[in-house]
Amino acid sequence: MKPSRSKESQCVPVAASTKRELFFRSDGSSKQHSVENGISSMRKEDRDMREREKKDDSAAARSNKMMDGYVGFANLPNQVYRKSVKRGFEFTLMVVGESGLGKSTLINSLFMADLYNSDHPGPSLRIKKTVQVESTKVLLKESGVQLLLQVVDTPGFGDAVDNSNCWQMIIDYIEHRYEEFLNGESRVNRKIMPDGRVHCCVYFISPNGHGLKPLDVEFMKKLHDKVNIIPVIAKADTMTPEECTLFKKQILNEIAQHKIKIYDFPDIDDEEENKANKSLKERVPFAVVGSNTVIEVAGKKVRGRRYPWGIVEVENMEHCDFIPLRNMLVRTHMMDLKDVTNNVHYENFRCRKLAGITSDGKTNKIPNKNPMMQIAEEKKDRIEKMKKTEQQMEQVFELKVKEKMQQLKDSEADLSKRHEQMKKSLEQQEGELQEKRKQFEQERAIFEAQHGDLRSKTLEAGSKESLEGKKKKKGFF
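Model, not experiment: these values are computed from the prediction.

Peer 1: For this particular structure, what's the right way to read the overall build of the protein chain?
Peer 2: Regarding its fold elements, the protein chain presents twelve helices and eleven strands. When each of the 477 residues of the protein chain is scored for burial, the buried share is 33%. Once local pairs closer than 6 in sequence are excluded, the contacts in the protein chain between residues at least 24 apart make up 68%. When the accessible area of the protein chain is evaluated, it comes to approximately 32600 Å², of which 53% is carbon and sulfur surface.

In structure tokens form, the structure reads like this:
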């Protein structure tokens, strides 16, 4: 069974009980063994504790009813609990680090779900060229409680030759989520909005080296006032316990030296919780080992990694800090991470946004004037803009009229030129006709002068013949 994933797609519920049975991949032939005894016993203890608390609450309620009377507002926590369970919970986790540090394996181990598998590989196995920000959503179910988990990964971070400003896309993504939430709160008709703000950023530190790299320092300095940063030492099984302890001290010294603010555990009045917080705080930065493989150790099935020299158990606190990290993220401090995000980081962003302070620290001037004066100035500016627009339109109109007049003048000049040419050609043709007529008259006069006598003779002969014919006709009668 696999949780659905997409950047904006619907999420399909995944039951934790069936998920754990199918999630672990055993080295041996058997793949249907039950969940390990540690988790089952822990869940049983949680159920027993809840039952004892319910019994104590019911006994206290009965005594209060008998002594002081019962009103009913003591049921408010139960109402809040039912409403919260019905609505479900949301949590956005960002993982940042170089490729090959085991980010995908650790996320799968934390939530016991196949968020990354062969069909949907982790960020280190994808083809990428630059830093990108990608999100994966999955709906998890456990004991009737729903958790909409959104994992934000950054493939390509720290893999380039020049890593300057490689954190800018991550900052833009975080602030974009804050701005979306702020715009949703500022609407007239507000609805229940999905909380897409980044509640926690798990930053993976490479175990190779003698401390933080310049890229690690610069990244945490850029983001420590925008999101809760939890530093994690990846692949802690590559170091001995003594080396791991010294490495942690070196990292904490450098964090304090550069004044980097990482997530600070809250102070609580309860002594037991303070002790638990202190024990968690002593393990920061968490040195973790991730594994999704179940192996058998002394007849007991555990998650771990098998090496030629031995076995590293993921859920053994003597081997790594996986259990404290999971407890802190999921069981004890998830709501505190969300509260710090909402009350500190989001409020800082909101104040900067409303005060006109940009992300680079520059302040935009905001006028402090009477609203009526401001409206009058805005009206004046609007009128000036309208006048400018009118002048521009008039200029455009005049320009078009000039162009049209120029076109008419050009066409008129062309027509007059063609008229003159046609007139000249007609006059030339008329002159040629006159010359031809004169030439014809001259030729005619010469012809008549040369043949004038012959014509008169022929006319006289013709007249004589006609007279003789008439005389002959008279002689017959």
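Peer 1: Just checking my understanding: could you explain the pattern of salt bridges for this structure?
Peer 2: Opposite charge on two side chains permits them to pair, given that their charged atoms come into close proximity. Counted under the stated rule, the structure contains 13 salt bridges. Asp 195 is paired through a salt bridge with Arg 197; the nearest N and O atoms lie 2.8 Å apart. Salt bridges sharing partners connect three or more residues here, namely Lys 248, Arg 283 and Asp 321.

Peer 1: How should a positive patch on the surface be read in this particular structure?
Peer 2: A surface patch of like charges, here positive, comprises Lys 379, Arg 382, Lys 385 and Lys 388. For Arg 382, a relative accessible area of 48% gives the class partly exposed.

Peer 1: Where do I start with empty space enclosed by the protein in this structure?
Peer 2: Empty space among the atoms becomes apparent when a probe as large as a water molecule is rolled across them. A full pass over the atoms with the stated rule returns three cavities of 30 Å³ or more. Taken as a whole, the second largest cavity spans an internal volume of roughly 50 Å³. Looking at the second largest cavity, the residues that line it are Gly 97, Glu 98, Leu 101, Phe 157, Tyr 203, Phe 204, Ile 205, Ser 206, Lys 213 and Asp 216. When the residues that make up the lining of the second largest cavity are grouped by side-chain class, the tally is five nonpolar, two polar and three charged.

Peer 1: Is there a simple way to explain a negative patch on the surface in this structure?
Peer 2: A cluster of like negative charges, contributed by Asp 269, Asp 270, Glu 271, Glu 272 and Glu 273, occupies part of the molecular surface. By the secondary structure assignment, Glu 272 is in helix α8 (residues 271-282).

Peer 1: I tried to follow the packing of aromatic side chains on my own but got confused; where do I start?
Peer 2: The geometry of two aromatic rings is summed up by the distance between their centres and the angle between their planes. Taken as a whole, this structure holds eight aromatic pairs when the rule is applied. Relative to Phe 219, the ring of Tyr 203 lies with its centre 4.9 Å away and its plane at 20°, an arrangement referred to as stacked. Residue Tyr 203 is found in strand β6 (residues 200-205), and its partner Phe 219 is found in helix α6 (residues 214-223); the two are separated by 16 residues along the sequence. With respect to burial, Tyr 203 and Phe 219 carry one shared label: buried. Here Tyr 263 and Phe 265 contribute two aromatic rings whose centre-to-centre distance is 5.4 Å and whose plane-to-plane angle is 70°, an arrangement assigned as edge-to-face. For the pair formed by Tyr 263 and Phe 265, the shared burial category is buried.

Peer 1: Help me out: how do you make sense of a nonpolar patch on the surface in this one?
Peer 2: Nonpolar side chains collect at one region of the surface, where Phe 397, Val 401, Met 405 and Leu 408 lie side by side and expose about 390 Å² of accessible area between them. You can see Met 405 is positioned in helix α11 (residues 371-450).

Peer 1: I keep staring at the packing of helix α5 (residues 168-185) against helix α10 (residues 334-355) and nothing clicks. Help me out?
Peer 2: Packed helices, taken two at a time, are described by their axes: the angle between them and the distance between them. At a minimum axis separation of 10 Å, α5 and α10 run at an interaxial angle of 80°. Considered as vectors, α5 and α10 are oriented roughly perpendicular to each other. Listed contacts from α10 to Glu 175, Tyr 178, Glu 179, Phe 181, Leu 182 and Glu 185 of α5 are Thr 341, His 345, Tyr 346, Phe 349, Arg 350 and Lys 353. Residues belonging to the contact of α5 with α10 are distributed by class as follows: five nonpolar, two polar and five charged.

Peer 1: Is there a simple way to think about the side chain of Glu 254 in this case?
Peer 2: Position of Glu 254 relative to the elements: it lies in helix α7 (residues 241-257). It is Lys 221 that comes nearest to the buried, bridge-free Glu 254 among opposite-charge side chains, at 11 Å. Only 2.9 Å separates the side chain of Glu 254 from the backbone nitrogen of Leu 212, close enough to count as a polar contact. Not counting residues up to four positions away in its chain, the partners in contact with Glu 254 are His 210, Gly 211 and Leu 212.

Peer 1: Sorry if this is basic, but what is going on with the pairing of strand β5 (residues 145-153) here?
Peer 2: Consecutive side chains of a regular strand alternate in pointing toward one face of the sheet and then the other. One ladder, built from seven bridges, connects strand β3 (residues 89-96) with β5; its direction is parallel. Residue pairing in the sheet places Glu 90 in a bridge with Leu 148 of β5. As consecutive antiparallel partners, strand β4 (residues 134-142) and β5 are separated by two residues, and within that stretch Ser 143 has a phi angle of approximately 55°, a positive value.

Peer 1: Please clarify how unusual backbone geometry should be interpreted in this entry.
Peer 2: Note: most peptide bonds trans; most residues except glycine with negative phi. Along the chain, Val 284 connects to Pro 285 via a cis peptide bond; the corresponding omega equals -5°. With respect to the helices and strands, the residue Pro 285 is situated in the loop between α8 and β8 (286-287). Here the phi dihedral of Lys 259 falls at roughly 55°; this positive angle occurs in a residue that is not glycine. In this fold, Lys 259 is placed in the loop between α7 and α8. Using a relative accessible area of 68% as the deciding quantity, one classes Lys 259 as exposed.

The rules we used
Residue numbers restart at each chain and count upward from 1, following the sequence in its written direction. At least 70 in pLDDT is required for a residue's local features to be given in this predicted model, at least 80 for side-chain atom pairs to be given and counted, and no such filter applies to totals for whole chains, interfaces and linings, which use all residues. Note that water and hydrogens are dropped before the side-chain values are worked out from all heavy atoms of the structure. Only DSSP runs of H or I covering at least 4 residues are called helices, and only runs of E covering at least 2 are called strands; the numbering of each starts at the N terminus. Throughout, exposure labels follow a simple rule: accessible area from a 1.4 Å probe, protein chains only, divided by the maximum for the residue type, with under 20% read as buried, over 50% as exposed, and the rest as partly exposed. Contact definition: two residues touch when any of their heavy atoms are within 4.5 Å. Only the protein chains shown count as cover for residues, and the accessible areas themselves come from Shrake-Rupley with a 1.4 Å probe. Here a salt bridge means any side-chain nitrogen of Lys or Arg lying within 4 Å of a carboxyl oxygen belonging to Asp or Glu. Each patch is built from residues lacking any salt bridge and having more than 30% relative accessible area; the joining distance is 9 Å for like charges and 5 Å for nonpolar side chains (Val, Leu, Ile, Met, Phe, Trp, Tyr). Under this rule, positive means Lys or Arg and negative means Asp or Glu; His and the chain ends count for nothing. By convention, the point assigned to a charge is CZ for Arg, NZ for Lys, CD for Glu and CG for Asp. Cavities and pockets are defined on a 1 Å grid built over the protein atoms alone: a cavity is a set of grid points where a 1.4 Å probe fits but cannot escape, while a pocket is an open set with protein on both sides within 12 Å along at least five of seven lines, and lining residues are those with an atom within 4 Å of any such point. Grid points are joined across faces, edges and corners, and a volume is the space filled by probe spheres set on the points. The classification used treats Ala, Val, Leu, Ile, Met, Phe, Trp, Tyr, Cys and Pro as nonpolar, Asp, Glu, Lys and Arg as charged, and all other residues, Gly among them, as polar. The pairing test for Phe, Tyr and Trp rings, Trp by its six-membered ring, is centres within 6.5 Å, and the orientation test on the planes gives stacked under 30 degrees, edge-to-face over 60, and tilted for anything in between. Axis definition: a line fitted to C-alpha atoms, limited for helices to the stretch in contact. Angles are taken between N-to-C directions and run from 0 to 180 degrees. Roughly parallel here means an angle under 35 degrees, roughly antiparallel means over 145, roughly perpendicular means 65 to 115, and every remaining angle is called oblique. Under this definition, polar contacts are N or O atom pairs within 3.5 Å; protein pairs additionally need one hydrogen-donor-capable and one acceptor-capable atom, and for neighbouring residues in sequence, both atoms have to be side-chain atoms. Note on pairing: two strands pair once DSSP finds at least 2 bridges between them.

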